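The lines below spell out each chain.
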Amino acid sequence: GNLLSAYMSPNPSVGASGAIFGLVGAYAVFLGRNKSLFGKSGERGLASLRQTFVTNLIYGFMSPQIDNWGHIGGALGGATIAYHFGPKLYLAALPNGQRIVLDKPNIRVPRSIETFPRKIGKRLYELADKMEGNYQSDIPAKPLRPGETRQE
């Protein structure tokens with residue numbers, strides 16, 4: 001959203017509304033792409049998103065302080081990312097008769113990026129364990145009751 005705003009508007013873009021519109025664009029693509037699973041609920045959600053988007057654009061055109069280019073760019077950016085990387089859900093039947101939902105996005109995120117949060121979390125736990133072993137405290141493991149003394 002900020003890129004389109006910087007290109008189309010002489011005014012600075014401030015705030016997070018472009019990012020919020022990015023989420024709206026991504027959610028619209030998600031609902032539209034998976035409407036066979038969501039049915040009428042998905043259609044109502046899409047109609048609501050359209051109404052919200054158009055209402056915000058109208059308010060934006062009525063007020064020069066609102067950065068419509070940031071909103072439009074955010075929505076287009078979110079929709080584009082969701083189209084390429086977002087979930088594309090399918091209902092699959094298993095041999096035993098059960099049905100499960102599968103995800104087949106247009107472009108899969110590389111494994112190295114998918115596993116990054118898990119790797120970081122593992123490193124943080126390892127670091128915390130290492131720090132815990134080196135830390136010694138005079139504070140007792142449990143609170144002392146009145147008149148009780150610490151035993152070592």
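This structure is a prediction, so every number in the text was calculated from the model and none was measured.

Cut-offs and rules
- Residues numbered from 1 in each chain as written.
- Predicted model: local features only at pLDDT ≥ 70, side-chain atom pairs only at ≥ 80, totals over all residues.
- Heavy atoms only, no water.
- Axes fitted to C-alpha atoms, helices over the stretch in contact; angles between N-to-C directions.
- Helix = DSSP H or I, 4+ residues; strand = E, 2+ residues; numbered from the N terminus.
- Parallel < 35°, antiparallel > 145°, perpendicular 65-115°, else oblique.
- Left-handed = near helix turned anticlockwise from the far one by under 90°.
- Contact = heavy atoms within 4.5 Å.
- Nonpolar A, V, L, I, M, F, W, Y, C, P; charged D, E, K, R; others polar.
- Pairing = 2+ DSSP bridges.
- Patch = residues over 30% accessible without salt bridge, like charges linked within 9 Å, V, L, I, M, F, W, Y side chains within 5 Å.
- Areas by Shrake-Rupley, 256 points an atom, 1.4 Å probe, with all protein chains shown as cover.
- Salt bridge = Lys/Arg side-chain N within 4 Å of Asp/Glu carboxyl O.
- Expected span 1.5 Å × (residues − 1).
- Buried < 20%, exposed > 50% of the residue type's maximum accessible area, 1.4 Å probe, protein only.
- pLDDT = per-residue confidence, 0-100.

For the rest of this paragraph, the subject is the packing of helix 2 (residues 17-33) against helix 3 (residues 35-62). Contact geometry for helix 2 and helix 3: axes closest at 8 Å, N-to-C directions at 150 degrees. Between helix 2 and helix 3, the angle falls in the class roughly antiparallel. Handedness of the crossing formed by helix 2 with helix 3: left-handed. Contacts between helix 2 and helix 3 involve Phe21, Val24, Tyr27, Ala28, Phe30, Leu31, Gly32 and Arg33 from the first element and Lys35, Phe38, Gly42, Gly45, Leu46, Leu49, Phe53 and Asn56 from the second. Residues of the contact of helix 2 with helix 3, tallied by class, amount to 10 nonpolar, four polar and two charged.

The pairing of strand 1 (residues 89-93) with strand 2 (residues 99-103) spans five bridges and is classified as antiparallel. Across the sheet, the residue bridging to Ala93 is Arg99, located in strand 2. As consecutive antiparallel partners, strand 1 and strand 2 are separated by five residues, and within that stretch Gly97 has a phi angle of approximately 95 degrees, a positive value.

Okay, the environment of Ile58 next. Along the chain, Ile58 turns up in helix 3. Put simply, Ile58 and Asn68 are 10 residues apart on the chain and 9.2 Å apart in space, counted from C-alpha to C-alpha.

A word on a nonpolar patch on the surface. Together, Val54, Ile58, Tyr59, Met62 and Ile66 make up an exposed nonpolar region whose accessible area comes to about 500 Å². Mapped onto the secondary structure, Tyr59 falls in helix 3.

Attention shifts here to helix 4 (residues 68-85). The terminal C-alpha atoms of helix 4 lie 25 Å apart, and with 18 residues this matches the ideal 26 Å at 1.5 Å per residue to within 8%. On its buried face, helix 4 is in contact with helix 1 (2-8), helix 2 and helix 3.

With 17 residues, helix 2 should reach 24 Å at 1.5 Å per residue; the first-to-last C-alpha distance of 24 Å fits that figure. For helix 2, every residue scored as buried is listed here: Gly18, Phe21, Gly22, Gly25, Val29, Leu31 and Arg33.

A few words on the confidence of the model for the chain. When pLDDT is averaged along the chain, the result is 85, and 91% of the positions lie at 70 or above. For the chain, the element scoring lowest by mean pLDDT is helix 1, at 77; helix 2 scores highest, at 94.

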